[in-house]
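Observations on chain architecture
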Amino acid sequence: MTEALDVVIVNWNAGDQLRACLASLAASEGAEQLRVVVVDNASGDGSADDLDRPGLALTLLRNADNRGFARACNQGAALGSAGAILFLNPDTQVSRSGIAAARAQLEADPGTGIVGARLVDEAGRTHRTCARHPTGASLIAHTLFLDRLLPRLVPPHFLLDWDHEETRAVDAVMGAFLMIRRPLFARLGGFDERFFVYWEDADLCARAAATGFAVCHAAQAEIRHRGQGTTEAVKDRRLFYFLRAQALYARKHHGRAAFLAVLAAAMAVNLPVRLGRALVRGRAGDAGAVIRAGRMLTAALPGLLTRGDR
């Protein structure tokens, strides 16, 4: 990798994972070309303290409050000027050649606008993280869990039937590792900040595709990814923001009828099913998280219904 690359990492209570991520960046091929921006969303665990790494150009931006993933990504991107931007989760560790391989894939075809990596767990097993563009009907069906009950009729959102072992064009890649051309990012207006967290990556990929750019999964770019590394402790907010973002995506891409149907399915079916499952399994903590998520979604309904949650 011979050209500069801006790397944006949004941190929220990532603990030692952030330092491990930065250490992997410092040890990666072409580390001298990386310009890393860590945007800290008011972490309370000290994870954003003393982050300097020898040989790694690093800027820290501290927000006074948690501004969400999409907005923090846009803040970090605005501080750079390189021709490409890599959005990277703090619960990842890049392989020595992973970033260079992804950048090479991006530059190999001017029609490719976004590149994702092959994400693996600690045992080296590949996560199946590439996704389909959802339709209004599929969003409703997934909220109703029909992709689990009737998988032959309702394909899952993620491409679970593909092993992700070869490089190919896909509909969407995961924001845990998302590399995009800066001119395209600017043309799209960055991430849609209405998505506090979740679905902002799918939305960005859908908008990139609508402008004629391809999204590519680069199998040769291997990145270790823990997954849910900073949200596991806040299951209630995680569920709330997921359901909220899913409804926002439905409205933005498929209209008000799909939006209302997704919201209704979430309130009438998704949350009650999750609650019943937690109670049957004797998981009082999970049941409490579902109840709190339901309360948060109920409280958010006026804004969602009247002003688009802007």
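Criteria and thresholds
Residues numbered from 1 in each chain as written. Predicted model: local features only at pLDDT ≥ 70, side-chain atom pairs only at ≥ 80, totals over all residues. Heavy atoms only, no water. Helix = DSSP H or I, 4+ residues; strand = E, 2+ residues; numbered from the N terminus. 1 Å grid on protein atoms, 1.4 Å probe; cavity = no way out; pocket = protein on both sides within 12 Å on 5 of 7 lines; lining within 4 Å. Points joined across faces, edges and corners; volume = space filled by probe spheres on them. Nonpolar A, V, L, I, M, F, W, Y, C, P; charged D, E, K, R; others polar. Axes fitted to C-alpha atoms, helices over the stretch in contact; angles between N-to-C directions. Left-handed = near helix turned anticlockwise from the far one by under 90°. Contact = heavy atoms within 4.5 Å. UniProt positions renumbered as here; feature names shortened; annotations may be inferred. Domains from an automatic or database assignment. Buried area = accessible area lost by both parts, 1.4 Å probe. Salt bridge = Lys/Arg side-chain N within 4 Å of Asp/Glu carboxyl O. Core = buried A, V, L, I, M, F, W, Y, C linked by side-chain atoms within 4.5 Å. Buried < 20%, exposed > 50% of the residue type's maximum accessible area, 1.4 Å probe, protein only. Polar contact = N/O pair within 3.5 Å; in protein donor to acceptor, adjacent residues only side chain to side chain. Phe/Tyr/Trp six-rings, centres within 6.5 Å; stacked < 30°, edge-to-face > 60°.

As annotated in an unreviewed UniProt entry, the chain is Glycosyl transferase family 2 from Methylorubrum populi.

Points about unusual backbone geometry
Phi at Asn 13 takes a positive value of approximately 55°, unusual for a residue other than glycine. Examined against the element boundaries, Asn 13 turns out to sit in the loop between β1 (5-11) and α1 (16-26).

Notes on empty space enclosed by the protein
Going through the model one piece at a time under the given rule, you end up with one cavity of 30 Å³ or more. Taken as a whole, the largest cavity holds about 40 Å³ of empty space. Element by element, the count of residues in the lining of the largest cavity is highest for strand β6 (residues 112-120), at three residues. A breakdown of the residues in the lining of the largest cavity according to their chemical character gives six nonpolar, two polar and no charged.

Some remarks on the packing of helix α8 (residues 235-254) against helix α10 (residues 284-307)
At a minimum axis distance of 7 Å, the contact between α8 and α10 shows a crossing angle of 40°. The element α8 and its partner α10 pack so that their crossing is right-handed. Seen from α8, the contacting residues are Lys 235, Asp 236, Arg 237, Leu 239, Phe 240, Leu 243, Arg 244, Leu 248 and Arg 251; seen from α10, they are Asp 286, Ala 289, Val 290, Arg 292, Ala 293, Met 296, Leu 297, Ala 300 and Leu 304. Taken together, the residues that form the contact of α8 with α10 break down as 11 nonpolar, no polar and seven charged.

Looking at the UniProt feature "domain: Glycosyltransferase 2-like" (unreviewed entry) in the chain
As annotated in UniProt, the feature "domain: Glycosyltransferase 2-like" (unreviewed entry) corresponds to residues 7-139 in the numbering used here. The span residues 7-139 carries 27% helix and 28% strand; its end-to-end C-alpha distance comes to 31 Å.

Topic: the domain arrangement of the chain
For the chain, the assigned domains read domain 1 (3-128 + 163-228) and domain 2 (230-300). For domain 1 versus domain 2, the distance between C-alpha centres works out to 27 Å. Contacts between domain 1 and domain 2 engage 17 residues on the former and 15 residues on the latter. Of the roughly 1,600 Å² buried between domain 1 and domain 2, counting both surfaces, carbon and sulfur atoms make up 62%. The interface formed by domain 1 and domain 2 includes two salt bridges. Asp 203 is the salt-bridge partner of Lys 252, the closest N and O atoms lying 3.0 Å from each other. Counting residues per element, the side of domain 1 that touches domain 2 draws most heavily on helix α7 (residues 200-210), which supplies four residues. Among the residues making up the side of domain 1 that touches domain 2, the classes are represented as 10 nonpolar, three polar and four charged.

Observations regarding the nonpolar core
Core analysis: the largest hydrophobic core is formed by 33 residues, its most contacted members being Ile 9, Leu 22, Leu 25 and Phe 177. Once you skip the residues sitting within four places of it in the chain, Leu 25 turns out to touch Val 7, Ile 9, Ala 31, Leu 34, Val 36, Leu 56, Leu 88, Val 94 and Ile 99. With 29 residues, the next largest nonpolar core counts Cys 130, Trp 162, Ala 172 and Leu 204 among its residues.

Here we look at the side chain of His 217
Structurally, the position occupied by His 217 is in strand β9 (residues 214-225). In this structure His 217 comes out as buried when scored by relative accessible area, which is 1%. Within the structure, His 217 has its side chain in polar contact with the backbone oxygen of His 164 (distance 3.0 Å). Excluding residues within four positions of it along the chain, His 217 makes contact with Gly 116, Ala 117, Arg 118, Cys 130, Trp 162, His 164, Glu 166, Thr 167, Arg 168 and Val 170.

Observations regarding the packing of aromatic side chains
The full count for this structure, using the stated rule, is nine aromatic pairs. Seen from their ring centres, Tyr 198 and Phe 242 are 5.9 Å apart, and the 75° between their planes marks the pair as edge-to-face. Of the two residues, Tyr 198 is situated in the loop between α6 (182-187) and α7 and Phe 242 in helix α8; the sequence distance between them amounts to 44 residues. For Phe 242, a relative accessible area of 29% corresponds to the partly exposed category. Between Trp 199 and Tyr 249, the ring centres sit 5.1 Å apart and the planes meet at 45°, which makes this aromatic pair tilted.

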